[in-house]
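Here are the chains, one letter per residue:
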Amino acid sequence: MIQSRSRLRMNGVHISHPHSFLSGKSLGAGENKVVIEAYPGPGALSRALLRLPKSKIRKLIILESWDRFYQYLKPLEAVDPRVTVLPIDGYTWDSYSVIEEKGLLDDVMKHDWNAGIHPELHFIAQLPHGVYGEQFFSQLFRCMPTKSWLFKYGRVPMSLVLSQPMWDRGTAPYATNARCKVSVIAEATSQLQNAVRPSELQPYDDHFHPSTSRVVSKKAESKRAGQPHVAVNVVPHQDQLIRSDQLDHWDYVLRRLFVLKSTPLKNAMNSLAPGAPTLLKVLTDPELPPEERVNINDKIKNLTIKDWALIVRAFYNWPFSPEDLTFSNAEDFGPGREG
Amino acid sequence: MIPLTKRSTRRLETTLVSYSRQSLPRPARLYSSPSKSAHAPAFATSVPQPEAPLPYLPPNLEREFSKTKEMATFLHERQSYTILPTPAPADSSDTNTMIFPDTALQNMVSIIEACVHNLYDVPRAKTVFEGLRRRHRCDPLLHGGLYNLLLDAYIEMASVKEVEKRSHWVEDACALFEVMENGKDKVTPTANTYAIMLRAWVLFNPSSHRLVASTVDMPTPIMLLRAMIDRQIPVALVVADRAIRTTKEASEAIKMLSKAAVDMNLGKVVNELGMAEALGSRAPDPLDNVPEATPVTRAKQQMQVTHAQDGSVTDFGVSETAVEVEHEVPFNLANLRKHLAQVILARRVLPEDVAARQKLLEESVYDVAVERLKHQAELFDEIGLTNKGLGNNDLRKWMWEWHQKLKVRLKAEIATLAVEESKLSDGRGIRLSPFLTLLKPEKLSLITILELMHLQGGAGASKVMKIARALLSVGRAVEIEYKAEMCKKNNITMPSNPARGGDHGYFSRLGYRDLHARRVAAAKYMEDAEEWTSDWSQIIRVKVGAFLVDLLMDVGTVVRTAVDRRTGETVSEEQPAFVHSYEYQRGHKLGVIKLNSIVAERIAKDTVRETLHPRHLPMLVKPKPWLGHDEGGYLYNKTSVMRYKESTEQQIYLRQASNLGNVELVYAALDVLSTTPWKINRDVFEVVLKVWNSGERFHKLPPAVYDQPEPQKPEDFDFDPKAKAIYITRQRAWYNDKANNHSDRCNVNYKVEIARTFLGDTFYLPHNVDFRGRAYPIPPHLNHIGDDLSRGLLKFGESKPLGERGLRWLKIHLSNLYGFDKASFNDRVAFVDQHLADIYDSAEKPLEGRRWWTTADDAWQCLAACIELRNALESGDPHAFESSLPVHQDGTCNGLQHYAALGGDDRGARQVNLDVTDKPSDVYTYVANMVEEQLVKDIEKGNPMAQLLSGKIARKVVKQTVMTTVYGVTFIGAREQIEKQLKDRLDIPVEECWLAANYLAKLVLHCIGDLFSAAKDIQNWLNTCARLIAKSIPPERLSDTLRPTPPSQKGRPAPEQTLYARMRKEQMTSVIWTTPLGLPIVQPYRQEKRKQIMTSLQSVFISDPNSPAMVNSQKQASAFPPNFVHSLDATHMMLTALECRTRNITFASVHDSYWTHAASVDDMSVIIRETFIGLHSSNVLQRLHEEFCERYKGYKVPLPSIRTMIPKLPRTANILQISDDKESRTLDEQAVEDLRLKAGGLPIEEEPEEVEEDQGEEEDEEEKPKKKKAKRGGKRVVSSELNLDDKFVNLTDLLPPVPKKGIFDVDRVKNSLYFFS
């Protein structure tokens, strides 16, 4: 009870621009879509989606676990046969098993990873602001290398509405201060695109609910927590840089090294594991071709995705890499952790 | 007629040198003590047991009664408070340096001391010292000891190091001496001062061959002697002072003083010096080592010592009988000192041979460790020759290798550092090299290694050490070792503990004064004999620690081998053993030290004996009695009597109380606890060892190799995020458990190791107190406060014949340990009788048999009891069986007992067994039943949660919550406790637990509130008082508070804000009270203030306890009730300890669990009840109120700070004005009344403002109700109507009256059977 209330306070964000997700220049553009929508809120976006013709949207599965909204969305089923509203939470992995068990995805085929994006299935979510949203966001990328979750159907495109700061961190290029673990993993796994010019989504109150300015403060729009919002499209790369059996190593290496993000790699290695500085030799081995070497004088935040791949490879091959890569791994408490 | 028992012999002896105590009548009770009556041969046959007795009551109760009268009188007397000014805010001009030390100054003092040490850099010390004297003259940190230290250093420079500049140094010394002598710096010369100057004369007088320039005006012996006599310093003490280095110097000094005395015609002094010579020429008395048998010796009769009121020695006299000098023994300084100590202390010093082992233990710890490591390393090298590569990974071998490298490295680095630092210009920053040269590099190296290993051993599951803590510990270890070296330097003889509390008991006025006088005399002696050392500030500790740890991380390496997964080859690599890195913890970036995983693994397996410093171990001799706030316990390792929470305020109060002689009984009680002898229970130890060596999991002993299977990776791991998440959660839990297992293993390893070491010894656990006055043993690893295993391994060092009653208590004890402790005593005895077969089986075949004992609540202790009972029953004569097993008497919900007694709460008293009942009542069961009743009502109302929980509310579910309510558990805390219990039950679906706990916590708290309404009233009263105190401002700060703040540079005055902000800053008053034993308790809760300190490793943030910040009033208020009750239970325990010592009963305690021999339980039970009654009939709360009124007299509370409390405060509040503007700043009673009415609408200050979202109106997206604004508006209205901003009220007028007492008469406790049981 109390939890859904507080979660609501964080995630009550809702948009009404559906076309930029499914058509036109969108990476996920396509016809005859089966859309799973998480965090619909009161359903502004859902209703807008339903205004699209049947040829565009074949099926809309709405996940909303909070009763107030659920009750408000449920009547849509009666109005439009394409709609299924389920009282489950998009945040927990269980919910997607429920969708499958109900047979709602029976008519969706598995699409070969190398044959382009999935033609039908499309995931849409308005990410809640706050820690749950952040976790969900980073977990979505982590499902791609292992082709788990919806990605077992193929390269399913996603359209997300989320706060600008969250997005900035996901897309921060190397050599910027915002560069972090999420941006490295996002860059390694997927292609990202702004669905709508961010300016078109401002001012915030014209596009989102609940409108917050009257509740919260007179702060400038850019200073309010979780504002402004952006709408984006995300599609997994065909070639995944992260090997599915090395995901834990990526996690570990990125987490440990980004603690010292402005420190040169050669000085930061100690925080990877005792003895890890010996890997510096591997990374600068003169016998390797130049493109397989890493400049160990670079600061952590300045490392490119290629550098990271080389570092993780060296770490993976190191006989002394720690056996326990998950311990005290607090930030990875992602979806699936109930309650 | 006084029988000449062993005890009285001793007493006689001490009276010879004391102040005519013989003339006083002795209380008869000392000789009618029944505690030894069990020795009587008739015992087994006589002593008829009354039929329906109060089982705890010994048959001859009445005789004991008179004893408690003195205690009751003592408790009723008006206490002496220790009152000091409240610290001023850090930004005020008045910085309290007279009371609170200034950290920078403290550093400078430490630097001087370090520079003087071994004459490292005396010129620099002199420069710094002269600078300090100019700027901080008369600061308490510039201690007389420091002056003496420099004086001595100057003379040493002149005689040893800079002979060519001799005249300069002597001149400097004389100048400094004159400053001390004329009192300009408010530093008084001591015996040490005169001894130094006397020595200067001996060395450099005109007729010596070491002349100084004739321009130097040295004080002559005549001048010195005159000054000594003026200051009443006995000449014997001067010539025996540590400043006099050799026997030759001493005899020279005596000669010169004698000559001066003859010249001045002072016959008495001549006599005294003759006595000193005589003392020095006597061989040490061989009989000294046999304390109980020493007859009254002839020689001692020849001296008479006069003590001043404070116990210091003022005069010696030599009786007219001729001094009998045994000329065959040449005069010797050591002998003189030794004998003098005995004379001055008026008691025996520790016999040498008993002390020798402890001395060796504390003295040579690092040397011994080095020897052992070396030996091991050589051993491994030998094995290595034949078996290369194996057995290499031994902790000791590693440590030895690191030590070899580190000591060489340290030597070189310190030398380099010294050169670098010598180039620095003066005065800037702290130079480390003086501190690093205090100890030899060998020792520094070993300290660093051992300290880090020990920290890691204790760090447990988290596997990392926080860097600040690690650096501080290493720095501190260096400081402690240096101080220990200083203590040892002069070969001081230790004063030993008195066998019991003086001759007049603890509580009579005479007895108390006696106690005080003895302690002061001993403390003075210790102070004179030890070299004075200053305390290091945190900054110095951290910097020294960083320097050492940095180098260790550089040289400490281990070799690891592993298999390359690509090639299949075995590769090895040299890796650092310690790594410095950073981690994020709750959003904070923290520096940590990590151990290489193979090193961490070894800590759980290898012997850890080397990493234990003696200050972590029990003592082989009786601990040094507490002579002062930092003097007592271990012989050479400085220990503080109180565990401070980074609060200098606490330390200052305690020091002051100690100086005023207010805490003698606390010291005495700690001495009682510290001198209880212990032994390892060999029978239990053997079982433990067997299990430990098997490496298997057994009962609570963790296995050597973690035995739970790692969770299996699910097949759909890669595709199903849910399965993956579950797997990861389980795997994480598994790793966590594994890490916990590891730290448990380390923990037990320490205990087993220590038990093994002390297997054949009688040992002692020195005690100190936390800031509430609760006593704890100082050795952390193996002690009786520890877990079941520790307790099972310990037994008393002395035994007493059981007797019939003892046998009965042994059985009851066994039953309690098993968990059968709710029944009546007779039923518990019957329970044991029924299980005799199980008990025999457990005792005889603990591992091979049926293992009944392992099903007990406290298994190891139960095993010990089984063995003891079996041995007793099999001994042929159980009643004569010598038992040394501690038997416990536990308070039933002790916190509530105190509340019930404080409030005279009849109903509460019955619940917690203060009243007479035939069966123990159990408050936990009672509450559980109340909750069940409530559930039934809620079921009728159709509450589904009540339905779910009905019938599941066991005693266990509510126990922790009931227990902790008295210690101020919050709703959140209660909910967590209950949730955990519900989850453990397994019969409630996990997902329901949180909601169920939420519901249940409310019910439980409600029921407790009902039951202990009196307790609630008292808690509220305490809370209100504390809140008001924490908001108050001392009178001396008022004018500063109201002074208009100068407008800020931006020109924005914002007067309202700054005035309020100023007031908040000025709220520096912490809640302070005095326990009935005189201990001042200072709540340390203040805003956290941390300083950044750059070290060679990284910059660390540490708090500076010397600069107090404003109080955390929330914490002050919420913590006060529990702290207050803890201070009471601590007092009850100490009173009991003292009474037990008076009646010769062995005593130990774990807070509210009191231990003694089975045979003494009856006697102790009487004492427990008497002390409780004594404590609670002294009107504790009323006295607290009185103390507050005196302590906080004149303190004012700014009204804006207590807006929300006004409606709850008494009508009579006297609103005062203190500023010039009388019209606008006076409030009359009517205004207060208005406030009272209006305040109902005020939001509570601390309450988080909640955004009320009414979800029902969610459909209408545009319109939202804005309740909050209305609320805020309300607040403004009131404050603008009545401008409270600059009104102040007297704190003492605001304090609410003490809650009324109920009808329960605490005297009834006397007849309660199960009060403690």
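Residues numbered from 1 in each chain as written. Chains lettered and ligands numbered in written order. Predicted model: local features only at pLDDT ≥ 70, side-chain atom pairs only at ≥ 80, totals over all residues. Heavy atoms only, no water.

1. Things to note about the packing of aromatic side chains
Then, in step 1: Per the counting criterion, the structure on display carries 44 aromatic pairs over all chains.
Then, in step 2: Between Tyr 96 of chain A and Trp 149 of chain A, the aromatic rings sit 5.3 Å apart at their centres with planes inclined by 85°, giving edge-to-face as the arrangement. Note that Tyr 96 of chain A is positioned in helix H6 (residues 94-101) and Trp 149 of chain A in the loop between helix H7 (131-142) and strand S5 (158-163), a separation of 53 residues in sequence. For the pair shown, Tyr 96 of chain A and Trp 149 of chain A are each scored as buried.
Then, in step 3: Geometrically, the ring pair formed by Trp 853 of chain B and Trp 860 of chain B is tilted, given 5.0 Å between the ring centres and 50° between the ring planes.
Then, in step 4: The exposure class of Trp 860 of chain B is buried, given its relative accessible area of 1%. (Phe/Tyr/Trp six-rings, centres within 6.5 Å; stacked < 30°, edge-to-face > 60°. Helix = DSSP H or I, 4+ residues; strand = E, 2+ residues; numbered from the N terminus. Buried < 20%, exposed > 50% of the residue type's maximum accessible area, 1.4 Å probe, protein only.)

2. A few points about the sheet that holds strand S11 (residues 763-764) of chain B
Residues and elements named next belong to chain B.
Then, in step 1: Pairing is antiparallel across the open sheet formed by three strands, whose spatial order is S11-S10-S14. Single-partner strands in this sheet number two, and they are S11 and strand S14 (794-796).
Then, in step 2: Pairing analysis gives two bridges linking strand S10 (residues 677-680) to S11, with the strands arranged antiparallel. Its bridge partner lying in S11, Trp 678 is registered against Phe 763. (Pairing = 2+ DSSP bridges.)

3. Considerations on unusual backbone geometry
Residues and elements named next belong to chain B.
Then, in step 1: Positive phi, normally seen in glycine, also occurs at Asn 118, with a value near 50°.
Then, in step 2: Counting through the fold element by element, Asn 118 comes out in the loop between helix H3 (103-116) and helix H4 (122-135).
Then, in step 3: One non-glycine residue, Asn 913, lies in positive phi territory at about 65°.
Then, in step 4: On the secondary structure map, Asn 913 appears in the loop between helix H32 (906-911) and helix H33 (923-940).

4. Notes on the environment of Ser 214 of chain B
Then, in step 1: Among the structural elements, Ser 214 of chain B can be located in the loop between helix H7 (191-204) and helix H8 (221-230).
Then, in step 2: In this structure, the C-alpha to C-alpha distance between Ser 214 of chain B and Ser 167 of chain B, residues 47 residues apart in sequence, is 9.0 Å.

5. A look at the UniProt feature "binding site: S-adenosyl-L-methionine" (unreviewed entry) in chain A
Residues and elements named next belong to chain A.
Then, in step 1: Mapped onto this structure's residue numbering, the UniProt feature "binding site: S-adenosyl-L-methionine" (unreviewed entry) falls at Glu 64 and Asp 89. For the annotated residues, spread through 26 residues, the largest C-alpha to C-alpha distance comes to 5.8 Å, consistent with a single compact locus.
Then, in step 2: By secondary structure assignment, the location of Glu 64 is in the loop between strand S2 (57-63) and helix H4 (67-73).
Then, in step 3: Non-local contacts of Glu 64, meaning those with residues more than four positions away in its chain, are made with Tyr 39, Pro 40, Gly 41, Phe 69, Tyr 70, Leu 73, Leu 86, Pro 87 and Ile 88. (UniProt positions renumbered as here; feature names shortened; annotations may be inferred. Contact = heavy atoms within 4.5 Å.)

6. Structural notes on the side chain of His 516 of chain B
Residues and elements named next belong to chain B.
Then, in step 1: Take His 516: it is sitting in helix H19 (residues 509-529).
Then, in step 2: Residue His 516 is classed as buried on the basis of its relative accessible area, which comes to 15%.
Then, in step 3: Those residues in contact with His 516 that lie beyond four places of it in its chain are Gly 661 and Glu 664.

7. Side note on helix H42 (residues 1161-1176) of chain B
Then, in step 1: Between the first and last C-alpha of H42 of chain B there are 22 Å, a value that for 16 residues agrees with the 22 Å anticipated at 1.5 Å per step.
Then, in step 2: Among the 16 residues in H42 of chain B, 16 count as buried, and that is most of the element. (Expected span 1.5 Å × (residues − 1).)

8. What about the packing of helix H5 (residues 144-161) of chain B against helix H6 (residues 166-182) of chain B?
Residue and element names in this part refer to chain B.
Then, in step 1: For the pair H5 and H6, the least separation of the axes is 8 Å and the interaxial angle reads 160°. Judged by the inter-axis angle, H5 sits roughly antiparallel to H6. Crossing hand, H5 versus H6: left-handed. Residue-level inspection shows Gly 144, Tyr 147, Asn 148, Leu 150, Leu 151, Tyr 154, Ile 155, Met 157 and Ala 158 of H5 in contact with H6, the latter providing Arg 166, Trp 169, Val 170, Asp 172, Ala 173, Leu 176, Phe 177 and Met 180.
Then, in step 2: Here the residues of the contact of H5 with H6 sort into 13 nonpolar, two polar and two charged. (Axes fitted to C-alpha atoms, helices over the stretch in contact; angles between N-to-C directions. Parallel < 35°, antiparallel > 145°, perpendicular 65-115°, else oblique. Left-handed = near helix turned anticlockwise from the far one by under 90°. Nonpolar A, V, L, I, M, F, W, Y, C, P; charged D, E, K, R; others polar.)

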